[in-house]
Amino acid sequence: MKIDEFIESLRKLNIDITSRQLEQLEEYYNLLVEWNEKINLTRITLKDDVYLKHFYDSATIVKVIDLNKIDNFCDFGTGAGFPGIVIKILFPSLNVTLVDSLNKRINFLNIVIEKLKLEKIVAIHSRIEDFARTHREKFDLVTARAVASLPVLLEYATGIIKKDKYFIAMKASIDEELEQSINAQKILKIKLIDKNSFLLPKENSVRNILLFQKQERTNLKYPRNLSEIKKKPL
């Protein structure tokens, strides 16, 4: 995806990117390629591919949610910062928390935050389950992009989302995981309210964005064994 194609594709998502935001993404890309030679951040390094498969793909969460109405946003299992860093660049007013279990990725993210002069953003080194225990019902929106199976994602996301707020799972193939998550949704009191399936431009690979809303506060022992949740009849 060339830069002009990227700009036009964002415009179709109702995102009008500024020259400063384009500069930040360019610097982000350069840092990604530089640090990818030192630590394993991504197998995707060609510029056109990064802009399509990482930058544009991250931005597509706006298909299911208005980020202008969100305050506190958490991206767990963020890896090299997708979608969290991209969303922060495109929506700078968001308060963003990035969580990842590998400290070397957090070190990279802190360099990105410093170099791009991003504000109201923090990168935290933590396992998702440990982070979830200490950040109960803190966020308006939680995202996870290709991190774990959907039942597991729902387990940890539900605990850190405020009542009536949202979790977004970004997936490729999803039908089997959706079926597996039905019981977990009922027990965790979180409901699928939107599903947007589309083909990524140019390469036509399948993408699914699932929007869940937390229906009520939960007092379940946390975390639970989701292998049991999947099997438990309701």
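Residues numbered from 1 in each chain as written. Predicted model: local features only at pLDDT ≥ 70, side-chain atom pairs only at ≥ 80, totals over all residues. Heavy atoms only, no water.

### Here we look at the pattern of salt bridges
A complete count under the given rule lists 18 salt bridges for this structure. Taking the shortest distance from any N to any O, the salt bridge between Arg105 and Asp100 comes out at 3.1 Å. Between Glu137 and Lys214 there is a salt bridge whose closest N-O contact spans 2.9 Å. On the criterion of sequence distance, the pair formed by Glu137 in the loop between α6 (128–134) and β4 (139–145) and Lys214 in strand β7 (residues 206–214) is long-range, its members being 77 residues apart. Each of the salt bridges in this network shares a partner with another, and the network as a whole consists of Glu8, Arg11 and Asp16. (Salt bridge = Lys/Arg side-chain N within 4 Å of Asp/Glu carboxyl O. Helix = DSSP H or I, 4+ residues; strand = E, 2+ residues; numbered from the N terminus.)

### A word on the nonpolar core
Ranked by size, the top nonpolar core spans 55 residues in total, and within it Tyr28, Phe55, Ile85 and Phe108 carry the most contacts. When neighbours within four sequence positions are excluded, Phe108 is seen to be in contact with Tyr28, Leu31, Leu32, Trp35, Ile39, Leu41 and Ala80. One finds Val142, Ala144, Leu150 and Leu153 within the second-largest nonpolar core, a separate group that totals 25 residues. (Core = buried A, V, L, I, M, F, W, Y, C linked by side-chain atoms within 4.5 Å. Buried < 20%, exposed > 50% of the residue type's maximum accessible area, 1.4 Å probe, protein only. Contact = heavy atoms within 4.5 Å.)

### Quick word on the packing of aromatic side chains
A complete count under the given rule lists nine aromatic pairs for this structure. Judged by centre distance (5.2 Å) and plane angle (90°), the rings of Phe6 and Tyr51 are edge-to-face. Of this pair, Phe6 sits in helix α1 (residues 3–12) while Tyr51 sits in helix α3 (residues 47–59), placing them 45 residues apart in sequence. For the pair Phe6 and Tyr51, a shared accessibility class is recorded, and that class is buried. (Phe/Tyr/Trp six-rings, centres within 6.5 Å; stacked < 30°, edge-to-face > 60°.)

### As for unusual backbone geometry
In this structure, Pro83 follows Phe82 across a cis peptide bond, with omega equal to 5°. Phi is positive for Lys120, which is not a glycine, with a value near 55°. Here Lys120 lies in the loop between α5 (103–115) and β3 (121–125). Judged by its relative accessible area of 46%, Lys120 is partly exposed.

### Focus: α1
The set of residues buried in α1 consists of Phe6, Ser9 and Leu10. Down the axis of α1, the sector holding all buried residues measures 100°, keeping them to one side. Exposed and facing more than 90 degrees away from the buried side of α1 are Asp4 and Lys12. Its buried side turned inward, α1 meets α2 (19–36), α3 and α4 (84–90). Following α1 by one or two positions, Asn14 has its phi on the positive side, about 65°. (Arc of directions from axis to C-beta.)

### A word on the side chain of Thr158
Note on placement: Thr158 falls in helix α7 (residues 150–160). Given a relative accessible area of 1%, Thr158 falls into the buried group.

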